[in-house]
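Residue strings, one per chain:
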Amino acid sequence: MSWTDAAAFYAFGKPVLWTDLVGNVCALGTVWLAIRKTIWTWPVQLVGSVLLFVASISAHITGNALKQALFGILAIYGWVKWSRGTRGGAELPIRSARVRERVALVSVMIAGTVAVALLFVFLNSRGWKISWAPWPDAYIFVGSAVATWAQGRALVDFWIIWVAVDLVGVPLAFNSGLVVSGLVYGVFFVMVLIGFRGWLRQSRELRAVTA
């Protein structure tokens with residue numbers, strides 16, 4: 001048996017892959033580090049993305065695998081952006097998105113979800129079997145990308161996008177057999193609410209100081 005298919009234990013009668021388990025531990029660490037606004041959130045996310053990519057390939061969830069590949073690229077982007085923003089020991093300049101930015105984020109999520117879902121449907125019809133649930137897969141794929149991009153730009157709004165993604169991600173993960181991922185998505189939901197509250201408060205304090 002390959003290490004990519006090795007089960008750590010069984011939960012609810014289903015095997016829990018080591019790659020899924022450790023990858024999701026990294027994912028939880030990523031959120032906790034993001035709450036604390038430490039740059040270590042990005043290298044941890046990069047490692048977690050690699051492991052969850054492997055787990056998704058093993059579970060034949062191509063859409064999620066593509067999402068993890070994109071996460072890896074965005075982790076490098078965020079790492080670079082935060083490195084520049086905290087150069088010289090400066091505080092990470094977090095802020096709420098402007099109205100124009102919010103419109104752009106929502107527009108990209110809607111248009112991107114439709115485009116990716118139609119692509120998944122087309123590839124499925126050609127025998128690629130890229131997604132058994134094209135629309136929710138596309139929504140999670142695009143929403144995750146938009147949230148991570150917004151996080152890289154230190155926008156408070158990225159937490160709100162994650163809430164919207166988790167509402168779909170939890171049931172989809174359980175239905176796909178990734179038990180740990182489903183449980184972690186549930187924990188994510190709570191952590192995201194905590195993160196949003198903390199970042200919003202800190203952004204308001206920062207705005208009051210610089211006003």
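Residues numbered from 1 in each chain as written. Predicted model: local features only at pLDDT ≥ 70, side-chain atom pairs only at ≥ 80, totals over all residues. Heavy atoms only, no water.

Note the cut-off: UniProt positions are given in the numbering used here, feature names are shortened, and annotations may be inferred rather than shown by experiment.
The chain has the name Nicotinamide riboside transporter PnuC in an unreviewed UniProt entry, where Microbispora catharanthi is given as its organism. The record in UniProt for the chain states the following under Sequence similarities (unreviewed entry): "Belongs to the nicotinamide ribonucleoside (NR) uptake permease (TC 4.B.1) family." Quoted straight from UniProt, the Subcellular location (unreviewed entry) entry for the chain says "Cell membrane".

1. Comments concerning the packing of helix 5 (residues 134-152) against helix 6 (residues 158-175)
The description of two helices packed together rests on the angle between their axes and the distance between the axes. Condition: Axis geometry follows a simple rule: fit a line to the C-alpha atoms, using only the stretch in contact for helices, then measure angles between N-to-C directions, giving values from 0 to 180 degrees. Numbering of helices and strands starts at the N terminus; helices are DSSP runs of H or I of at least 4 residues and strands are runs of E of at least 2. Any angle that falls under 35 degrees is termed roughly parallel, while one over 145 is termed roughly antiparallel, one within 65 to 115 roughly perpendicular, and all others oblique. Crossings are classed by handedness, with left-handed meaning an anticlockwise turn of the near helix from the far one by less than a right angle and right-handed meaning a clockwise turn. Here a residue-residue contact requires only that any non-hydrogen atoms of the pair lie within 4.5 Å. Amino acids are sorted into nonpolar (Ala, Val, Leu, Ile, Met, Phe, Trp, Tyr, Cys and Pro), charged (Asp, Glu, Lys and Arg) and polar (every other residue, Gly among them).
Two numbers describe how helix 5 lies on helix 6: the axes approach to 9 Å, and their chain directions differ by 155°. Here helix 6 runs roughly antiparallel to helix 5, going by the angle between their axes. Helix 5 and helix 6 meet at a crossing whose hand is left-handed. Within the contact between the two elements, helix 5 uses Pro136, Asp137, Tyr139, Ile140, Gly143, Ser144, Val146, Ala147, Thr148, Ala150 and Gln151 and helix 6 uses Phe158, Ile161, Trp162, Ala164, Val165, Val168, Gly169 and Leu172. For the contact of helix 5 with helix 6, the residue count by class is 13 nonpolar, five polar and one charged.

2. Observations concerning the pattern of salt bridges
Here is the rule we go by: Salt bridges, as used here, are contacts in which a Lys or Arg side-chain nitrogen is within 4 Å of a carboxyl oxygen on Asp or Glu. Throughout this description, buried means an accessible area under 20% of the type-specific maximum (1.4 Å probe, protein chains only), exposed means over 50%, and partly exposed covers the range between.
If you walk through the whole model with that rule in mind, you get five salt bridges. Across the salt bridge formed by aspartate 157 and arginine 102, the nearest N and O atoms sit 2.7 Å from each other. A residue pair is termed long-range when its members are at least 10 positions apart, and aspartate 157 in the loop between helix 5 and helix 6 and arginine 102 in helix 4 (residues 99-125) qualify at 55 residues. By relative accessible area, arginine 102 is classed as partly exposed at 40%. For arginine 201, the salt bridge identified is with glutamate 205, shortest N-O distance 3.8 Å. Of this pair, arginine 201 and glutamate 205 both sit in helix 7 (residues 179-210), separated by four residues, roughly a single helical turn. Judged by its relative accessible area of 45%, arginine 201 falls in the partly exposed class. For glutamate 205, a relative accessible area of 45% puts it in the partly exposed group.

3. Comments concerning the UniProt feature "transmembrane region" (unreviewed entry) in the chain
On the UniProt side, "transmembrane region" (unreviewed entry) is annotated at positions that read residues 16-35, 42-59, 65-82, 103-124 and 180-200 here. Summarising residues 42-59: 94% helix, 0% strand, and an end-to-end C-alpha distance of 25 Å. Helix makes up 100% of residues 103-124 and strand 0%, and the two end C-alpha atoms of the span are 31 Å apart.

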